Amino acid sequence: MKKFFILAAIMTLLVPFRAALNAGEVEEAATGAVPEAAAKLEQPILISSAGQSADAKLVGMLTKRLKLNATTESMATAANLEGIKTLIIVPGYSSKGLGAAGVKPEDEAERVASLIKAAQGRNIPIVVVHVGGKARRGPQSDGFNRAAAEAACHMIVVSQGDEDHFFSDLAGEKKIPIELVEKIADTAEPLGKLF
Amino acid sequence: MIPKHHITGAIVLLIFAVAGVLAAHDFISMWTPDKIYPSAALTEKRRLSDYFSDLKGTNADTDVLIFQGDRPGATVMLLGGTHPNEPAAFIAATVIAENIVVNAGRVIIVPQACASGFTCTDPFEGYPQSYTLDTKSGPRRFRFGSRVASPLDSWPDPLIYTHYPSGQRLSGFESRNLNRSYPGRPNGTFSERTAYGIMEILRQEQVDVAFDLHEAAPEIPIINAIVYHEKGEDIALAAVLDLEMLGMSYAPELSPTNFHGLSHREWGDATDVIPFLMETSNPIQGRLRGQTNAELVIEGVSPEYKEALESGALRIVYTPTGEPLKHRVGRHLQGFQALLNSYNMYHEDNPVEIEGLPSHQEIMDNGLGNYLH
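Residues numbered from 1 in each chain as written. Chains lettered and ligands numbered in written order. Predicted model: local features only at pLDDT ≥ 70, side-chain atom pairs only at ≥ 80, totals over all residues.

Peer 1: Help me get a handle on the overall build of chain B, residues and values and all.
Peer 2: A count of helices and strands for chain B gives 9 helices and 13 strands. Computed over its C-alpha atoms, the radius of gyration of chain B comes to 21 Å, within 12% of the 21 Å expected for a compact globule of 373 residues. Considering only C-alpha atoms, chain B reaches an extent of 90 × 50 × 45 Å along its principal axes. Counting across all 373 residues of chain B, residues that qualify as buried make up 52%. A sequence separation of at least 24 residues applies to 72% of the contacts in chain B between residues at least 6 apart. (Helix = DSSP H or I, 4+ residues; strand = E, 2+ residues; numbered from the N terminus. Rg over C-alpha atoms; globule rule 2.2 N^0.38 Å. Buried ≥ 20, exposed ≤ 12 C-beta atoms within 10 Å, placed from the backbone. Contact = placed C-beta atoms within 7 Å.)

Peer 1: Give a description of the overall build of chain A that names residues and reports values.
Peer 2: When helices and strands are counted, chain A shows 7 helices and 6 strands. Listing every helix and strand of chain A by position from the N terminus yields α-β-α-β-β-α-α-β-α-β-α-β-α. With 195 residues in all, chain A has 40% of them scored as buried. Nonlocal contacts in chain A, meaning residues at least 24 apart in sequence, comprise 77% of its contacts between residues at least 6 apart.

Peer 1: I'd love a proper account of the interface of chain A and chain B, names of residues and values included.
Peer 2: Contact with chain A, which involves 18 residues of that partner, is made by 21 residues of chain B. Contributing elements (two or more residues each) for the side of chain A that touches chain B: helix H2 (55-65) and helix H3 (95-101) of chain A. Ranked by residue count, the leading element in the side of chain A that touches chain B is H3 of chain A, at 5 residues. The class makeup of the residues in the side of chain A that touches chain B is 7 nonpolar, 8 polar and 3 charged. (Nonpolar A, V, L, I, M, F, W, Y, C, P; charged D, E, K, R; others polar.)

Peer 1: Outline the packing of helix H5 (residues 139-150) of chain A against helix H6 (residues 166-174) of chain A, supporting the account with residue identities and numerical values.
Peer 2: Residues and elements named next belong to chain A. Between H5 and H6, the shortest axis-to-axis distance is 10 Å and the interhelical angle comes to 30°. Of the possible angle classes, the one that applies to H5 and H6 is roughly parallel. Every pair of crossing elements has a handedness; the one defined by H5 and H6 is right-handed. Facing Asp142, Asn145, Ala149 and Glu150 of H5, the residues of H6 in contact are Phe166, Phe167, Leu170 and Lys174. For the contact of H5 with H6, the residue count by class is 4 nonpolar, 1 polar and 3 charged. (Axes fitted to C-alpha atoms, helices over the stretch in contact; angles between N-to-C directions. Parallel < 35°, antiparallel > 145°, perpendicular 65-115°, else oblique. Left-handed = near helix turned anticlockwise from the far one by under 90°.)

Peer 1: Which residues make up the sheet that holds strand S2 (residues 70-72) of chain A, and what values do they have?
Peer 2: Residues and elements named next belong to chain A. The 6 strands are arranged S2-S1-S3-S4-S5-S6 in an open sheet whose pairing can be described as parallel. Of all the strands in the sheet, the pair left with one neighbour each is S2 and strand S6 (178-181). On average, each strand axis in the sheet is inclined to that of its neighbour by 20°, with strand direction left out of account. Note that strand S5 (residues 154-158) and S6 share 4 bridges and pair parallel. Note that in S6 the partner of valine 157 across the bridge is leucine 180. (Pairing = 2+ DSSP bridges.)

Peer 1: Describe the confidence of the model for chain B, and please don't skip the residues or the numbers.
Peer 2: For residues with low pLDDT, the predicted coordinates do not support detailed interpretation. On average, residues of chain B score 96 in pLDDT, and 100% of them are at 70 or above. The complex model carries a pTM of 0.87, and its ipTM stands at 0.71. (pLDDT = per-residue confidence, 0-100.)

Peer 1: Tell me what's going on with the environment of arginine 137 of chain A, and back it up with residues and numbers.
Peer 2: All names here are of chain A. Considering the arrangement of structural elements, one finds arginine 137 in the loop between strand S4 (126-130) and H5. A count of 23 C-beta atoms within 10 Å places arginine 137 in the buried class. When the C-alpha positions of arginine 137 and isoleucine 156 are compared, they lie 15 Å apart, and in sequence the two are 19 residues distant. Ignoring anything within four residues of it in the chain, the contact list for arginine 137 reads Asp142, Gly161 and Phe166.

Peer 1: Summarise unusual backbone geometry; cite the residues concerned and give the values.
Peer 2: All names here are of chain B. The omega torsion of the bond from tryptophan 155 to proline 156 falls at -5°, within 30 degrees of zero and hence cis. Tracing the backbone shows proline 156 in the loop between strand S6 (138-143) and strand S7 (160-162). The peptide bond linking tyrosine 182 to proline 183 adopts the cis configuration, its omega dihedral lying at 5°. Structurally, proline 183 is set in the loop between strand S8 (169-171) and helix H3 (190-204). Despite not being glycine, glutamine 206 shows a phi value in the positive range, around 50°.

Peer 1: How would you explain the environment of aspartate 61 of chain B if you had to name every residue and give the values?
Peer 2: Residue and element names in this part refer to chain B. The residue aspartate 61 is located in the loop between strand S1 (42-47) and strand S2 (63-68) in this model. In this structure aspartate 61 comes out as partly exposed when scored by C-beta crowding, with 19 C-beta atoms within 10 Å. Residues aspartate 61 and arginine 331 lie 270 residues apart in sequence; the distance between their C-alpha atoms is 28 Å. Apart from residues no more than four positions distant in its own chain, aspartate 61 is found in contact with Arg47, Leu48, Ser49, Leu55, Lys56 and Ala115.

Peer 1: How would you sum up H5 of chain A? Please name residues and give values.
Peer 2: Residues and elements named next belong to chain A. Its 12 residues place the ends of H5 17 Å apart at the C-alpha level, agreeing with the 16 Å of an ideal helix rising 1.5 Å per residue. Among all positions in H5, only Ser141, Phe144, Asn145, Ala148 and Ala149 are buried. Down the axis of H5, the buried set is contained in an arc of 125°. They therefore lie on one face. On the buried face of H5, the contacting elements are strand S1 (45-50), strand S3 (86-91), helix H4 (105-121), S4, S5 and H6. (Expected span 1.5 Å × (residues − 1). Arc of directions from axis to C-beta.)

Peer 1: So what's going on with the domain arrangement of chain B? Which residues, and what values?
Peer 2: Here the domain parsing of chain B yields domain 1 (1-31) and domain 2 (37-371). For domain 1 of chain B and domain 2 of chain B, the distance between their C-alpha centroids amounts to 40 Å. (Domains from an automatic or database assignment.)

Peer 1: Just give me the short version of the environment of proline 303 of chain B, but keep the residues and values in it.
Peer 2: Residues and elements named next belong to chain B. Considering the arrangement of structural elements, one finds proline 303 in helix H7 (residues 303-311). Given 11 C-beta atoms within 10 Å, proline 303 falls into the exposed group. It is 32 Å that separates the C-alpha atoms of proline 303 and serine 171, two residues lying 132 residues apart in sequence.

Next comes the structure, spelled out in structure tokens:
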């Protein structure tokens, strides 16, 4: 009898403990976030374009205003990742940008793929920030948008660029946290909170 | 007895003669200059030939309006009408000229940079020769011109246009395009000489920051954009962020170093000026437009572009309710003011201070005509 009561007491204590564990699992399923994603990302940060739109430089300006330790290198390669703790990719195609950089779209796609692979090889988290709205969507941009988004651990997107849920659907599929904002300037808050 | 076929021939000749006279009258009516009424802040009215005397007496000569503030500051130059078939650029320059007050620095406005292009329209485009805006002083007619200088001023076009001095090769048609002719040369083609004259303004007036206003077809990739030379990157990006706070989106675009002849590249390479070029979306320039008339210039409503937008098959910049002239002019004015504010932020020791210009919202609320004499 005594053994029965001891066993019953242990089972009673186990019930709330198990309930707490279940709550954690439900929360994880709802957000698609794992506890590690809530941890702050580290600096210094490297910001690169994917598609050579000037949006990378806009984001660079925002990081300056946030006083983050960030360098913008639109044509970043693996060599630029030395000492970097976080990579921010700002996707968006620009014919003028590619012309200014003197590269063809296919060369740019190759550079971006190599950069992403190098970052992943060094366990450098990748954040995608899409601020170009509709202007940086469409057949020419979406190749770059997809390549960057699929490698991201976090996305911040100006909602005009996600009217067709391109980024949201990708985020849901890959369980990547995504924050949608109204304006470019509104990316500052979620971006700041990541670091 | 006069043979019947002689009578027929005479009648046909007479019909064509009358048609020719009417067409000539229409064509010559485009030679009448547009009237611009500079604000009371105008301190000097010059001509382009004052900067390059070879242009005197030619159709390249055009008004250069100078507004000098009481206090020293930066010198700004603004061009409208580089492409006379881009009406928001010309009208925006006109609104600025007719409303501006300069407190510090100088603002130099060339409302019709390609004066020759205002004397004709482009063949086969069916463009109207003019459009009329209701203004404070009544209906006011403005010419709608060609993209390029008149063939009467520059003929014939070469098969291939080789840009001086880069050697870049373009279609011969571009030899009459002012915005492919910079930096120009004093002994070059008509457009090269015009471009040289404008470069002389930059040099002689020691311009600090310069603007070239444009429009483009809704399907063109560079639209609703601020194109900047690398010297002006921080200024452009800060302005884009500030404009966004007002709910207005401008795509920042870096001027390519290997695309020659354009103001945003050559002005910045050849002088100390920081150049900017702005584009708005103009349905009448587009390939998908339907009826091409003055109403399309002013209202900017194109059911064809609406259909294209709704199809999702094309990447175009077109608001379903249209791209009216007042909205496009408003964008240019707001962009101009934002870039100047941003310039001043980075040049606190040498700002240009202006007032009197309407915002985009004021133009939309009160109408464009309220800001035209």
